[in-house]
Amino acid sequence: MPNLYGIIISLSILLCILTAQRLVENENKNKEILWGLSFWTILCGILGARIYHVLNCFGYYRLHPAEILKIWRGGLGIWGALGGGIVGSVTYLGIKKEKVLPWLDIISVVVPLGQAIGRWGNFFNKELFGLPTTLPWGIYVEPTLRPAEFSNYSKFHPIFIYESILNLILFLILLNLYKNKHEKVPEGTFLWIYLGSYSIIRFFLEFLRVNPWKVNISSLSLNVSQCVSILVLMVSMVVMFRRKSPRKNK
C-alpha cells in the first residue's frame with residue numbers, strides 16, 4: 001500500500017507550485033526562477049522541519065538515530081520548515097540576483113494552501129490529535145495510540161482538521177488580497193501578514209496539544225511553538241507598522 005502521508009505532502013507541494021505559477025504568469029515573472037526557487041525552498045524546508053522535530057523528540061532519536069531519516073513516517077515541525085524554507089529561498093534568490101521580497105510574497109500566499117492540504121497527512125499517519133473531548137466532531141483514537149495519561153478516553157480533538165480549515169481560510173484571504181492589492185502595498189507585506197496570522201493560529205491551537213515541547217518562563221508555562229509564535233508575531237507587527245511606503249509600480 002502506498003504511503004499516504006508522502007502522497008498527501010507531495011500533492012500539497014504540487015498544488016502550491018501550480019498556484020504560484022498562475023500568479024507568476026499574471027505578473028510576467030520568470031517561471032524558471034519559480035521552479036528553481038521551489039526546489040530549494042522545499043528541500044531546505046524539509047531539512048529545517050526534520051531538524052526541528054528531531055530536537056523536539058531528541059530523547060527518542062538519541063536512542064534511535066536510524067529513525068531520523070525516516071521522514072515518511074511523519075515528524076516535520078512547521079516552524080523549522082518555515083525557517084529552512086526562508087533560508088533556502090533567500091539564498092537561491094541572492095545567487096540569481098533576484099529581488100527577494102516580491103518572490104517571498106508569492107510563496108507566502110500559497111504556503112497556507114499547502115499546509116491546509118498537508119495536514120491531512122497527519123490523519124493517515126494517525127498523529128496530531130489533541131486533548132480528549134466530548135464534542136461530536138472528536139475523532140476516535142485506537143487504544144494503542146492513546147497517550148498513557150488519557151488511555152481511558154476514546155475521542156480527541158482533531159487538531160489537524162482545525163489547522164487545515166484555518167489555513168485554508170488564510171490562503172483564500174491572502175490570495176484575494178494579493179490579486180487586488182499587491183501593487184499598492186510595500187514588498188514583503190504578504191510575507192509578514194502570513195507569518196503574523198499563522199502565528200496566531202498556531203499559538204491558540206497549541207493549548208490543545210498533548211505533551212508539547214515545553215519551556216518554562218517564570219510562572220508562565222508555554223511550549224516552544226507558542227514562544228516561537230509570539231516572537232514571530234511581534235516581529236511581523238513591528239515590521240508591518242514601520243513599513244508604510246507604497247510599492248513602486250514597475
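A brief structural summary. The numbers attached to residues start from 1 for each chain and follow its sequence in the written order. Residue-level local features of this predicted model are given only where pLDDT is at least 70; pairs of side-chain atoms are given and counted only at 80 or more, and the full residue set underlies all totals for whole chains, interfaces and linings. Note that the side-chain values use all heavy atoms of the structure and ignore hydrogens as well as water.

**Observations regarding the overall build of the protein chain**
- Helix and strand definitions follow DSSP, with helices as H or I runs of at least four residues and strands as E runs of at least two, each counted in order from the N terminus. What the protein chain contains, in helices and strands, is nine helices and four strands.
- Mapped from its N terminus to its C terminus, the protein chain presents α and β elements in the order α-α-α-α-α-α-β-β-α-α-β-β-α.
- For the radius of gyration, the atoms used are the C-alpha atoms, and the globule rule reads 2.2 Å times the number of residues raised to 0.38. A compact globule built from 250 residues should have a C-alpha radius of gyration of about 18 Å, and the protein chain, at 19 Å, falls within 12% of that.
- Projected onto its principal axes, the C-alpha coordinates of the protein chain cover approximately 60 × 45 × 35 Å.
- The buried share of the protein chain, reckoned over its 250 residues, is 45%.
- For this analysis, residues touch if any pair of their heavy atoms sits within 4.5 Å. Counting contacts in the protein chain only where the partners sit at least 6 residues apart, residues at least 24 apart contribute 72% of the total.
- Each accessible area is a Shrake-Rupley estimate made with a 1.4 Å probe; only the visible protein chains count as cover when residues are assessed. Carbon and sulfur atoms make up 67% of the accessible area of the protein chain, which amounts to about 14,000 Å² in all. Categorising residues by exposure relies on relative accessible area from a 1.4 Å probe, with only protein chains included: less than 20% of the type maximum marks a residue as buried, more than 50% marks it as exposed, and the intermediate range marks it as partly exposed.

**Topic: helix α1 (residues 4-26)**
- Multiplying 1.5 Å by the residue count of a helix minus one yields the expected span of that helix. The end-to-end C-alpha separation of α1 is 33 Å, in line with the 33 Å expected for 23 residues at 1.5 Å each.
- Among all positions of α1, only Tyr5, Ile8, Ser12, Cys16, Ile17, Thr19, Ala20, Gln21, Leu23 and Val24 are buried.
- Looking at the packing, one finds that the buried side of α1 touches α2 (31-56), α5 (100-118), α6 (120-124) and α7 (159-181).
- Trailing α1 by a residue or two, asparagine 28 shows a phi angle of about 60°, which is positive.

**A word on the packing of aromatic side chains**
- The rule is short: rings of Phe, Tyr and Trp, with Trp giving its six-membered ring, pair when the centres are within 6.5 Å, and they are stacked under 30 degrees, edge-to-face over 60, tilted in between. For the structure on display, the rule yields 13 aromatic pairs.
- When the centroid spacing of 5.2 Å and the interplanar angle of 80° are considered together, the rings of tyrosine 60 and tyrosine 61 count as edge-to-face.
- The class for tyrosine 61 is buried, based on a relative accessible area of 8%.
- Seen in terms of ring centroids, phenylalanine 150 and tyrosine 153 are 6.0 Å apart; in terms of plane orientation they differ by 75°. Their pairing is edge-to-face.
- Feature note: the residues Trp79, Tyr194 and Tyr198 constitute an aromatic cluster, connected by ring pairs.
- Placement of a charge over a ring requires the Lys NZ or Arg CZ to be within 6 Å of the ring centre, with the centre-to-atom vector within 35 degrees of the ring normal. Its end group placed over the ring of tryptophan 103, lysine 29 keeps NZ or CZ at 5.3 Å from the ring centre.

**Quick look at a nonpolar patch on the surface**
- Like charges within 9 Å and nonpolar side chains (Val, Leu, Ile, Met, Phe, Trp, Tyr) within 5 Å are joined into patches, using only residues over 30% in relative accessible area that form no salt bridge. Throughout this description, the term salt bridge denotes a Lys or Arg side-chain nitrogen within 4 Å of a carboxyl oxygen of Asp or Glu. A grouping of Phe39, Trp40, Leu43, Leu47, Ile51 and Leu55 is seen on the molecular surface, where their side chains present a nonpolar patch of about 590 Å² in accessible area.
- You can call leucine 43 partly exposed: its relative accessible area is 33%.

**Quick look at the environment of leucine 222**
- Following the sequence through the fold, leucine 222 ends up in strand β4 (residues 220-223).
- As a C-alpha pair, leucine 222 and glutamate 206 span 16 residues in sequence and 9.1 Å in three-dimensional space.

**Re the side chain of histidine 182**
- Within the secondary structure layout, histidine 182 lies in the loop between α7 and α8 (189-205).
- For histidine 182, a relative accessible area of 10% translates into the label buried.

**Quick look at the packing of α8 against helix α9 (residues 224-242)**
- Working convention: axes come from line fits to C-alpha atoms, limited for helices to the stretch in contact. Angles between N-to-C directions cover 0 to 180 degrees. Contact geometry of α8 with α9 gives a least axis separation of 8 Å together with a crossing angle of 150°. Accordingly, the angle class assigned to the pair α8 and α9 is roughly antiparallel. The interaxial crossing formed by α8 with α9 has left-handed handedness. In this structure, α8 contributes Thr189, Trp192, Ile193, Leu195, Gly196, Ser199, Ile200, Arg202 and Phe203 to the contact, and α9 contributes Ser225, Gln226, Ser229, Ile230, Val232, Leu233, Val235, Ser236, Val239 and Met240.
- Throughout, the ten residues Ala, Val, Leu, Ile, Met, Phe, Trp, Tyr, Cys and Pro are labelled nonpolar, Asp, Glu, Lys and Arg are labelled charged, and all others, Gly among them, are labelled polar. Broken down by class, the residue content of the contact of α8 with α9 amounts to 11 nonpolar, seven polar and one charged. Note on angle classes: values under 35 degrees are labelled roughly parallel, values over 145 roughly antiparallel, values of 65 to 115 roughly perpendicular, and the remainder oblique. Crossings are classed by handedness, with left-handed meaning an anticlockwise turn of the near helix from the far one by less than a right angle and right-handed meaning a clockwise turn.

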